[in-house]
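Structural overview
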Amino acid sequence: MKKYLSSYLFFLLICFTKISFSQICFNPAITFQADSMPYLVICADFNADGITDIATPNNKTNNVAVLLGTGTGSFGATNYFPAGSGPISITSADFNHDAKPDIAVANAASNNMSVLLGNGTGSFGTQTTYTSGNGPSSITNGEFNGDGNIDLVVTNYDGSMVSVFLGDGAGGFTLLSSFPASVSTNVGPNYVITTDFNADGKADLAIANWDGNDISLFLGNGNGSFGTPSSIPCNNKPCAVVSADFNGDGKPDLAASNYFSNDVSVLLGNGNGGFSTAVNYAVQSKPYSITSADFNLDGRADIAVNNENSNSVSVLLGNGTGAFGIASDFLVGQYPESIASADFNGDGKPDIASADYHSQTVSILLNTILPPVVAHANADTICAGNPLILTGSGAATYTWTGGATNGVAFPAAATTTYTVTGTNSDGCTNKDTVRVIVSLCAHIISSGSQRTSLVVFPNPANEDVVIELIAENEQLVKITDITGNTIFFKTLPVGKSKIDVRNFPAGVYTIAVFSNEDVVTRRLLICR
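Summary of the structure given here. (Residues numbered from 1 in each chain as written. Predicted model: local features only at pLDDT ≥ 70, side-chain atom pairs only at ≥ 80, totals over all residues. Heavy atoms only, no water.)

Counting through the fold element by element, Leu 152 comes out in strand 14 (residues 151-156). Separated by eleven residues in the primary sequence, Leu 152 and Asn 141 have C-alpha atoms spaced 4.5 Å apart. (Helix = DSSP H or I, 4+ residues; strand = E, 2+ residues; numbered from the N terminus.)

This is the structure:
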């Protein structure tokens, strides 16, 4: 009959499970004078200094305000350039191949568009106007006929028409065609964007129809013409639309701001020009304009809208699957009409600009998001009662759950998921977790005359395990899983032997060595 002298050594087997949390933060809005009733805002480097600038059309004073950035999040004195009557939308590109950004403006009251060629210093020449249609509401640029010149598209709200202008490469444009904005009538096209939605290398159009409660999708033919539109339902009164890859499949998706239903519709693209049924996310009152950027620097596209009635911007953080969290809100000026995103202070974080219609300003929200916080433990294996030290990195200060203090040792105890909250100087926080799994492991040694010692490393393991056998001769080694099933059974020589455990499922295993009257066991943790 075997008699055993048992000594129990308890130790921690630690696997790391990282869970990312993030909080979006912006400094209080800084405002800069625009003029009377700024309607839409765009960002570009108008004076070739490598710093992002801003332009916005002023609906009441019939001009374009240009604000040159300083690179610190501030802007210099506003300069004004005449446009048509009731300018309502604006776009920028290099229309004449001189490597200087130009501007085109849709003028709602004069039923035309203005083209202003930039000189590269932040100034613009006298406007050239082109008749578009009744009540132009939006303008965008793209290359629609394959000639390498920038073309323009204008939506005309009153006639529910779309006008396509082909660029000549010298800054001039010719009306190619006008066609209905939808297969339905009186849809009120309000906003247009261009992207290649079906991966054929040709620019397509997506138009938010205010009165149609849908998005019209036009697939481009590559010669400046477009096919019959398809209708993509949204919610109530879509004002604007943006495209980004919200679920990480490399295919462009859509999001629309819905003015009367106070939400954002997200529609996932299939890469062939088709889209999923809209999923709606609540925001504040009367969302008008919409943009997308990775605001929390997690590699996933987020959404921001400005809300006219609540004088705010709502930010929806994406989780990378096409779904979004609850909106975070930030105050801007009165009756914000348009939103755009760019890095205004050169810190690598996307900031927000809002054109505030009633307060006659442009509000700047500087992004103060904290980079990812990382939770650390001082070892991946540690004996119970030995010092466990948890530390965070990436922030200014840290707070841990479970009674831990950052960088201060405490005795290792029970299985716990520790969460660290890192806070920066602006009060913005990020979180990370590390899960510490405590496993009761016994080292059993017989009282027989022949002594055997066993060392197992690394532990935890995921590929190879080295078993070091210290004995007088070779020994029989058995590995069993937690249910008692034998996984490995073999005689091993004295010294070190490598065992491939890549096919072992994750879990706790027992390694036993049988030698005459001696039995030695160790616990092994496999992490995946």
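Resuming the write-up.
A cis amide bond links Phe 457 to the next residue, Pro 458, at an omega of -10 degrees. Mapped onto the fold, Pro 458 is located in the loop between strand 42 (453-457) and strand 43 (464-470). Here His 97, not a glycine, exhibits a phi torsion of approximately 60 degrees, which is positive. Examined against the element boundaries, His 97 turns out to sit in the loop between strand 9 (87-93) and strand 10 (102-107).

Turning next to a nonpolar patch on the surface. Among the surface-exposed residues, Val 455, Phe 457 and Ile 470 lie close enough to one another that they form a single nonpolar patch of about 220 Å² accessible area. The exposure class of Phe 457 is partly exposed, given its relative accessible area of 31%. (Patch = residues over 30% accessible without salt bridge, like charges linked within 9 Å, V, L, I, M, F, W, Y side chains within 5 Å. Areas by Shrake-Rupley, 256 points an atom, 1.4 Å probe, with all protein chains shown as cover. Salt bridge = Lys/Arg side-chain N within 4 Å of Asp/Glu carboxyl O. Buried < 20%, exposed > 50% of the residue type's maximum accessible area, 1.4 Å probe, protein only.)

Moving on: the pattern of salt bridges. Inspection of every chain in the model, using the stated rule, returns three salt bridges. Lys 237 is the partner of Asp 211 in a salt bridge, and the nearest nitrogen-oxygen pair spans 3.2 Å. Placement of the pair is Asp 211 in the loop between strand 18 (204-209) and strand 19 (214-218) and Lys 237 in the loop between strand 20 (230-233) and strand 21 (238-244), with a sequence separation of 26 residues. The partly exposed category is assigned to Asp 211, whose relative accessible area is 36%. In this structure, the salt-bridge partner of Asp 500 is Arg 502, at a minimum N-O distance of 2.8 Å.

A few words on the sheet that holds strand 43. Strand order across the open sheet formed by three strands is 42-43-46, with antiparallel pairing between neighbours. The open sheet has two free edges, formed respectively by strand 42 and strand 46 (495-500), since each of these has just one partner strand. Geometrically, the sheet is characterised by an average inter-axis angle of 20 degrees between neighbouring strands, direction not taken into account. The pairing of strand 43 with strand 46 spans six bridges and is classified as antiparallel. Following the sheet pairing, Leu 469 is matched in strand 46 by Gly 495. (Pairing = 2+ DSSP bridges. Axes fitted to C-alpha atoms, helices over the stretch in contact; angles between N-to-C directions.)

So, about the state of the cysteines. Summed over all chains, the structure comprises one disulfide. The residue that forms a disulfide with Cys 25 is Cys 428, at a sulfur-sulfur distance of 2.1 Å. As the torsion about the S-S bond is roughly 90 degrees, the Cys 25-Cys 428 disulfide counts as right-handed. Within this pair, whereas Cys 25 is found in the loop between strand 3 (21-22) and strand 4 (30-33), its partner Cys 428 is found in the loop between strand 38 (416-423) and strand 39 (429-436), the two being separated by 403 residues in sequence. (Disulfide = S-S within 2.5 Å.)

Before going further, it helps to spend a moment on the nonpolar core. Counting 44 residues, the largest nonpolar core has Phe 46, Ile 103, Ile 215, Leu 254, Val 264 and Ile 303 as its most contacted members. Sorting elements by how many residues they give to this core places strand 21 first, with four residues. In contact with Phe 46, not counting residues within four places along its chain, are Asp 53, Ile 54, Ala 55, Val 66, Leu 68, Ser 92, Pro 101, Ile 103, Gly 120, Thr 121, Gly 122 and Phe 124. (Core = buried A, V, L, I, M, F, W, Y, C linked by side-chain atoms within 4.5 Å. Contact = heavy atoms within 4.5 Å.)

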